[in-house]
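Report on the structure
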Amino acid sequence: MVMVVNIIPNSLSSETNQDSEPSLAVNPANPLQIVASAFTPDPMGGSKAPIYVSTDGGSTWTLNLIVPSRAGSTTGTGDISPHFGSTTNNLYAGILREGGDLQLNTLRTSNFLQPNVMTVLEDRSDVDQPWTQATTVPGGADAGKDRVYVGNNDLDAPGGRTATIDRSLDAGGAN
């Protein structure tokens, strides 16, 4: 069971941003580690969007500015869909970067608690509604490698068949 307490840090409790489309990811290798995301901009107006981080099962939360964004953004990024690898502790996310079009980034960090910006694994435009899943290969020649799948609405798909899955089959490299 996961208990989530108000994730907005007290220092930001007076913010008035939309903070819509929230998403949660629980680390299966350490269920006390939880990441939450929403349309949250950098409170200082910088070029990184935050994720909310808990290391005590959701009792307390802090912001970690590690999602690439755009300075002065009012939403941080559009959609942020986080997911942990099964056993690697790697955090992945499919995001929509704010800009002229819907720019999909597939991201990774090997340590979501550090302030390093997440690495961009994939980058392409005209995509909406990313949803991320990740798993670690349990055995065989690829044991320990992460597989990352980002389902999305590809607006450039032919014939109006927009349901698409982007994949990274060896996404677990170091950050």
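Rules used in this analysis
- Residues numbered from 1 in each chain as written.
- Predicted model: local features only at pLDDT ≥ 70, side-chain atom pairs only at ≥ 80, totals over all residues.
- Heavy atoms only, no water.
- Salt bridge = Lys/Arg side-chain N within 4 Å of Asp/Glu carboxyl O.
- Helix = DSSP H or I, 4+ residues; strand = E, 2+ residues; numbered from the N terminus.
- Buried < 20%, exposed > 50% of the residue type's maximum accessible area, 1.4 Å probe, protein only.
- Core = buried A, V, L, I, M, F, W, Y, C linked by side-chain atoms within 4.5 Å.
- Phe/Tyr/Trp six-rings, centres within 6.5 Å; stacked < 30°, edge-to-face > 60°.
- Pairing = 2+ DSSP bridges.
- Axes fitted to C-alpha atoms, helices over the stretch in contact; angles between N-to-C directions.
- Polar contact = N/O pair within 3.5 Å; in protein donor to acceptor, adjacent residues only side chain to side chain.
- Contact = heavy atoms within 4.5 Å.

Attention now moves to the pattern of salt bridges. Per the counting criterion, the structure on display carries four salt bridges. Taking the shortest distance from any N to any O, the salt bridge between Asp 166 and Arg 124 comes out at 2.8 Å. Placement of Asp 166 in strand S11 (residues 163–168) and of Arg 124 in strand S8 (residues 119–125) is noted, with a sequence separation of 42 residues between them. Given a relative accessible area of 24%, Arg 124 falls into the partly exposed group. The salt bridge partner of Lys 145 is Asp 142, with a shortest N-O separation of 3.4 Å. Lys 145 sits in the partly exposed class, given a relative accessible area of 29%. Overlapping salt bridges, with partners in common, bring together Arg 124, Asp 154 and Asp 166 in one network.

Most often, soluble globular proteins keep nonpolar side chains buried together rather than apart. In this structure, Ile 51, Val 67, Leu 91, Phe 112 and Met 118 are the most contacted members of the largest nonpolar core, which totals 15 residues. When contributions to this core are tallied by element, the ones reaching two or more residues are strand S3 (48–54), strand S4 (62–68), strand S5 (80–84) and strand S6 (91–97). Core analysis: the next-biggest nonpolar cluster, separate from the first, contains six residues, Tyr 92, Leu 104, Ala 134 and Val 148 among them.

This part covers the packing of aromatic side chains. Applying the stated rule across the entire model yields one aromatic pair. Between the aromatic rings of Phe 84 and Phe 112, the centroid separation amounts to 5.3 Å while the plane-to-plane angle is 80 degrees, which identifies the pairing as edge-to-face. Of this pair, Phe 84 sits in strand S5 while Phe 112 sits in the loop between strand S7 (103–109) and S8; the two residues are 28 residues apart in sequence, bridging distant segments of the chain. Like Phe 84, the residue Phe 112 is buried in the burial classification.

Before going further, it helps to spend a moment on the sheet that holds strand S10 (residues 146–154). Sheet strands pair by backbone hydrogen bonding; their relative direction is either parallel or antiparallel. The antiparallel open sheet is built from three strands, whose spatial order is S9-S10-S11. The open sheet has two edge strands with one neighbour each: strand S9 (127–136) and S11. When the angles between neighbouring strand axes are averaged without regard to direction, this sheet yields 20 degrees. Here S9 pairs with S10 via eight bridges, running antiparallel. Across the sheet, Thr 135 pairs through a bridge with Arg 147, a residue of S10.

Here strand S1 (residues 23–26) shows a clear split, with Ser 23 and Ala 25 buried on one side and none of Leu 24 and Val 26 buried on the other. One ladder, built from four bridges, connects S1 with strand S2 (residues 34–37); its direction is antiparallel. Bridge pairing links Leu 24 to Ala 36 in S2.

Taken together, the four strands give an open sheet; going across it, the order is S5-S6-S7-S8, and neighbouring strands pair in antiparallel fashion. Two strands close off the open sheet at either side, each with one partner strand: S5 and S8. Across the sheet, the mean angle separating the axes of adjacent strands is 15 degrees when strand polarity is ignored. Note that S6 and S7 share seven bridges and pair antiparallel. The residue bridging Gly 94 from the neighbouring strand is Thr 106, located in S7.

Right, let's talk about the side chain of Ser 37 for a bit. Within the secondary structure, Ser 37 is located in strand S2. In terms of polar contacts, Ser 37 uses its side chain to reach the backbone carbonyl oxygen of Ile 80, at 2.9 Å. Not counting residues within four places of it along the chain, the set of residues in contact with Ser 37 comprises Glu 21, Pro 22, Ser 23, Tyr 52, Ile 80 and Pro 82.

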